[in-house]
Amino acid sequence: MAGMTAEHEFPRGGSTLQDRMDRLLRRVRNVTLPLAGIALMGAMVMIFNYAPEEKTQGIVQKIFYVHVSSAWSSYLAFFVCFISSILYLLKRDRAWDLLALAGAEVGVIFCTAVLLSGPFWGKPIWGAWWTWDARLTSTLVLWLIFLGYLLLRPFVGEGERGARFAAVVGIVGFLDIPLVHLSVRWWRTLHPDPVVMNPEGPQLPPEMLQTLLVTLAAFTLLAVSFIAVRAELERLRDLATALRGRLRESRQ
Amino acid sequence: MSAAKISCTGASFGAVTLAVVRKDLRLEWRTREVFSATVVFAALVLVTFNFSFEPGQGAVERMASGFIWVAFVFAGMLGLNRTFVTEKEEGCLDALFLSPADPGAIYLGKVIANLIFLAVTEAAVLPLFALLFNFPLARAFPTMLLPLALGSFGFVAAGTLFAAMAAQTRIREVMLPLLLLPACVPVLIASVRLTQAALEGLDLESVLPWVGMLVLCDALFVVAGTFLFQHVLEE
């Protein structure tokens, strides 16, 4: 447990927003991380042993569960980044910036998983690794927007200005998502229609739907744990920098 | 804090906006730095297109709006970068930080000035395009004005916000396209589609959704920019 040693470093019992956030993140992570592990194992078993094999697509179709769940998790993480960015600009508390950064990073990771798992399905089914279909394109654009967010931060330099600029990109980028979606969709579409959130009700066989829901739950737990752990890591980095500064002062 | 800022200047929102526009136009009129650089750059983009695609007459018709917009976007980014890099180097950005003016008004002033620069560049590049590719633009020009105006505005509204940030990073010119290009995908798609429709003489009614898309993008970027600029202009 790498986290155990770290916990001694946290100032305990404080009442600033950062202290409360530290405690909340630790509590959330302690619950969601083991649950995510169990749920992921359950999801794997269901995907391969419970859900029926699709008639025409065969085994490749099983990517669908991971693909859709990753997409959902990336949106969730980007939403966390969006809300935290707004709160950071309003309150100017580093705690919100840590959460925004964690959201953006985890979102990019899951978005990468979407972009990687897609082609493995696309190659046998569509006959091409990549097509400029609406949803592929808009996911790629979304990925690029938040990659810009992550690229911007180190180049602004350490400190509060980087957090401010990143928050601006996080807010504008997230608000841009519906416009990107709509414009690219009008541009063209080839992707299979939604089978779950369909106006005529879910069109999946019940076993497939149950498998998808379990995978979705597992990935949600995983995304939440990742965000909490990532924010905690950044917090530890802050503390380490502060301690290093104090050490240098005391030597002089 | 921002309320106190406004009250102690007495200058209204509009007055600040106008002052920034006039400052930028005067600066540009005296140096002609941005204009000469962007027009030459846009011309080079068109020449490069010609060599890389070797488009025949039919191909030019199909790709005309794409050519035009890529030239505008590249040249526009060059111009957007220049306006803030100059300000950063000459200390004007610091003066703007310190001034008690409303940051939203400064942002709008910069947007209007940058829009004028881009419009002038477009006015120079379009005839050049028509000339180089032997393309009859004049007929479609009136209908092209709508996508040109709406598309340029959206691009500049987002670009001004991002350029102000990019100018304050260590890699300046490199940062702007990384932020601006993905964010401007909807603006670019809609502008290219509308311009193409105008060139092909389609009635605007069939492409009305794209007009709506551009208006939405413009509104989002300009509102976000006006409210968020205070967080970019700060030391």
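Residues numbered from 1 in each chain as written. Chains lettered and ligands numbered in written order. Predicted model: local features only at pLDDT ≥ 70, side-chain atom pairs only at ≥ 80, totals over all residues. Heavy atoms only, no water.

Asks: Can you walk me through the overall build of chain A in this structure?
Replies: Assigned secondary structure in chain A consists of seven helices and zero strands. In chain A, the order of α-helices and β-strands from amino to carboxyl end is α-α-α-α-α-α-α. Looking at chain A as a whole, 46% of its 252 residues are labelled buried. Pairs at least 24 apart in sequence give 78% of the contacts found in chain A among residues at least 6 apart. Entry remark: accessible area of chain A is about 12,900 Å², with carbon and sulfur atoms responsible for 67%. (Helix = DSSP H or I, 4+ residues; strand = E, 2+ residues; numbered from the N terminus. Buried < 20%, exposed > 50% of the residue type's maximum accessible area, 1.4 Å probe, protein only. Contact = heavy atoms within 4.5 Å. Areas by Shrake-Rupley, 256 points an atom, 1.4 Å probe, with all protein chains shown as cover.)

Asks: It is not clear to me how the overall build of chain B should be interpreted in this structure. Could you clarify?
Replies: A count of helices and strands for chain B gives 10 helices and zero strands. Starting at the N terminus and ending at the C terminus, chain B contains elements arranged as α-α-α-α-α-α-α-α-α-α. Against the 2.2 N^0.38 benchmark of 18 Å for 235 residues, chain B shows a C-alpha radius of gyration of 18 Å, consistent with a compact globule. Projecting the C-alpha coordinates of chain B onto the three principal axes gives extents of approximately 60 × 35 × 30 Å. When the 235 residues of chain B are sorted by exposure, 51% land in the buried category. Long-range pairs, those at least 24 residues apart, make up 82% of the contacts in chain B between residues at least 6 apart in sequence. When the accessible surface of chain B is summed, it comes to about 10,400 Å², and 69% of that surface belongs to carbon and sulfur atoms. One finds the centroid of the 14 positive side-chain charges in chain B at a distance of 5 Å from the centroid of its 18 negative side-chain charges. (Rg over C-alpha atoms; globule rule 2.2 N^0.38 Å. Lys, Arg positive; Asp, Glu negative; His and termini not counted. Charge placed at Lys NZ, Arg CZ, Asp CG, Glu CD.)

Asks: What exactly am I supposed to notice about the layout of surface pockets here?
Replies: In this approach, a probe sized like a water molecule rolls over the atoms, and the result shows the empty space that is left. Its volume calculated, the second largest pocket comes out at about 770 Å³. Taken together, 25 residues form the lining of the second largest pocket, with Trp187(A), Val70(B), Leu188(B), Ile189(B) and Val192(B) sitting closest to its centre. Listing elements by their share of the lining of the second largest pocket, those giving two or more residues are α5 (134–156) of chain A together with α3 (33–53), α4 (57–89), α8 (175–183) and α9 (185–199) of chain B. The biggest single contributor to the lining of the second largest pocket is α4(B), with eight residues. Looking at the lining of the second largest pocket, its residues break down into 18 nonpolar, four polar and three charged. (1 Å grid on protein atoms, 1.4 Å probe; cavity = no way out; pocket = protein on both sides within 12 Å on 5 of 7 lines; lining within 4 Å. Points joined across faces, edges and corners; volume = space filled by probe spheres on them. Nonpolar A, V, L, I, M, F, W, Y, C, P; charged D, E, K, R; others polar.)

Asks: How do you make sense of the packing of helix α2 (residues 13–31) of chain B against helix α6 (residues 103–132) of chain B when you look at a structure like this?
Replies: When two helices pack together, their arrangement is given by the angle between the helix axes and by the axis-to-axis distance. Residue and element names in this part refer to chain B. Following both chains from N to C, one finds α2 and α6 inclined at 40°, their axes separated by 8 Å at the closest point. In terms of axis orientation, α2 runs oblique to α6. The way α2 lies across α6 gives a crossing that is right-handed. On the side of α2, the interface is formed by Phe 13, Val 16, Thr 17, Val 20, Val 21, Lys 23, Asp 24, Leu 25 and Glu 28, while α6 contributes Gly 104, Ala 105, Ile 106, Leu 108, Gly 109, Lys 110, Ile 112, Ala 113, Ile 116 and Phe 117. (Axes fitted to C-alpha atoms, helices over the stretch in contact; angles between N-to-C directions. Parallel < 35°, antiparallel > 145°, perpendicular 65-115°, else oblique. Left-handed = near helix turned anticlockwise from the far one by under 90°.)

Asks: Quick question: what am I supposed to make of the packing of aromatic side chains here?
Replies: For any pair of aromatic rings, the description rests on two quantities: the centre-to-centre distance and the angle between the ring planes. As enumerated under the stated definition, the model contains 20 aromatic pairs over all chains in all. The interplanar angle of 50° and the centroid separation of 5.8 Å between the aromatic rings of Phe79(A) and Phe174(A) together place this pair among those described as tilted. Here Phe174(A) lies in helix α6 (residues 160–187) and Phe79(A) lies in helix α3 (residues 63–91), a separation of 95 residues in the sequence. Of the residues examined, Phe79(A) reaches a relative accessible area of 41% and is grouped as partly exposed. For Phe174(A), a relative accessible area of 16% puts it in the buried group. Measuring from ring centre to ring centre gives 6.2 Å for Phe146(A) and Tyr149(A), while their planes differ by 40°; the resulting arrangement is tilted. Here Phe146(A) and its partner Tyr149(A) are both found in helix α5, three residues apart, which amounts to about one turn of the helix. For Phe146(A), a relative accessible area of 1% translates into the label buried. Joined through ring pairs, the aromatic side chains of Phe49(B), Phe53(B), Phe67(B), Phe129(B), Phe133(B) and Phe135(B) make up one cluster. One residue, Arg32(B), lies across the ring of Trp29(B), its end atom 4.6 Å from the ring centre. The side chain of Lys110(B) reaches across the aromatic face of Phe84(B), ending 4.7 Å from its centre. (Phe/Tyr/Trp six-rings, centres within 6.5 Å; stacked < 30°, edge-to-face > 60°. Lys NZ or Arg CZ within 6 Å of the ring centre and 35° of its normal.)

Asks: What exactly am I supposed to notice about the confidence of the model for chain A here?
Replies: Parts of the prediction with low pLDDT should not have their coordinates interpreted in detail. Residues with a pLDDT of 70 or more make up 89% of chain A, whose mean pLDDT is 87. For chain A, per-element mean pLDDT is lowest for helix α1 (residues 2–7) of chain A, which scores 40, and highest for α3(A), which scores 95. (pLDDT = per-residue confidence, 0-100.)

Asks: Honestly, the interface of chain A and chain B in this entry has me stumped. Any pointers?
Replies: In many reports, interface size means the accessible area that the parts give up when they come together. With 29 residues of chain A in contact, the opposing surface of chain B contributes 30 residues. Of the roughly 2,700 Å² buried between chain A and chain B on both sides combined, carbon and sulfur atoms contribute 74%. Among the residues of chain A in contact with chain B, Phe155(A), Leu179(A) and Trp186(A) are the three that bury the most area, contributing 22% of the side total. The tally of links from chain A across to chain B stands at zero salt bridges. Elements with a contribution of two residues or more to the side of chain A that touches chain B: α5 and α6 of chain A. Per element, the largest residue contribution to the side of chain A that touches chain B is 17 residues, and it comes from α6(A). (Buried area = accessible area lost by both parts, 1.4 Å probe. Salt bridge = Lys/Arg side-chain N within 4 Å of Asp/Glu carboxyl O.)

Asks: Just to check I follow, could you spell out α6(A) for this structure?
Replies: Each α-helix turn comprises 3.6 residues. Residues three or four places apart therefore point the same way. All names here are of chain A. For α6, with 28 residues, the first-to-last C-alpha span of 39 Å sits near the 40 Å given by 1.5 Å per residue. Maximum bend of α6: about 35°, positioned at Ile 177, with proline Pro 178 one to four residues after it. Burial runs high along α6: 20 of the 28 residues are buried. (Expected span 1.5 Å × (residues − 1). Bend = angle between axes of the 7 residues up to and from the residue.)

Asks: What exactly am I supposed to notice about the packing of α6(B) against helix α7 (residues 141–166) of chain B here?
Replies: Residue and element names in this part refer to chain B. Packing of α6 against α7 brings their axes to within 9 Å, and their N-to-C directions diverge by 135°. Looking at the two axes, α6 sits oblique to α7. Crossing geometry of α6 relative to α7 is assigned as right-handed. Touching Tyr 107, Lys 110, Val 111, Asn 114, Leu 115, Leu 118, Glu 122 and Leu 126 of α6 are Phe 141, Met 144, Leu 148, Ser 152, Phe 153, Phe 155, Val 156, Ala 157, Thr 160 and Leu 161, all from α7. When the residues that make up the contact of α6 with α7 are grouped by side-chain class, the tally is 13 nonpolar, three polar and two charged.

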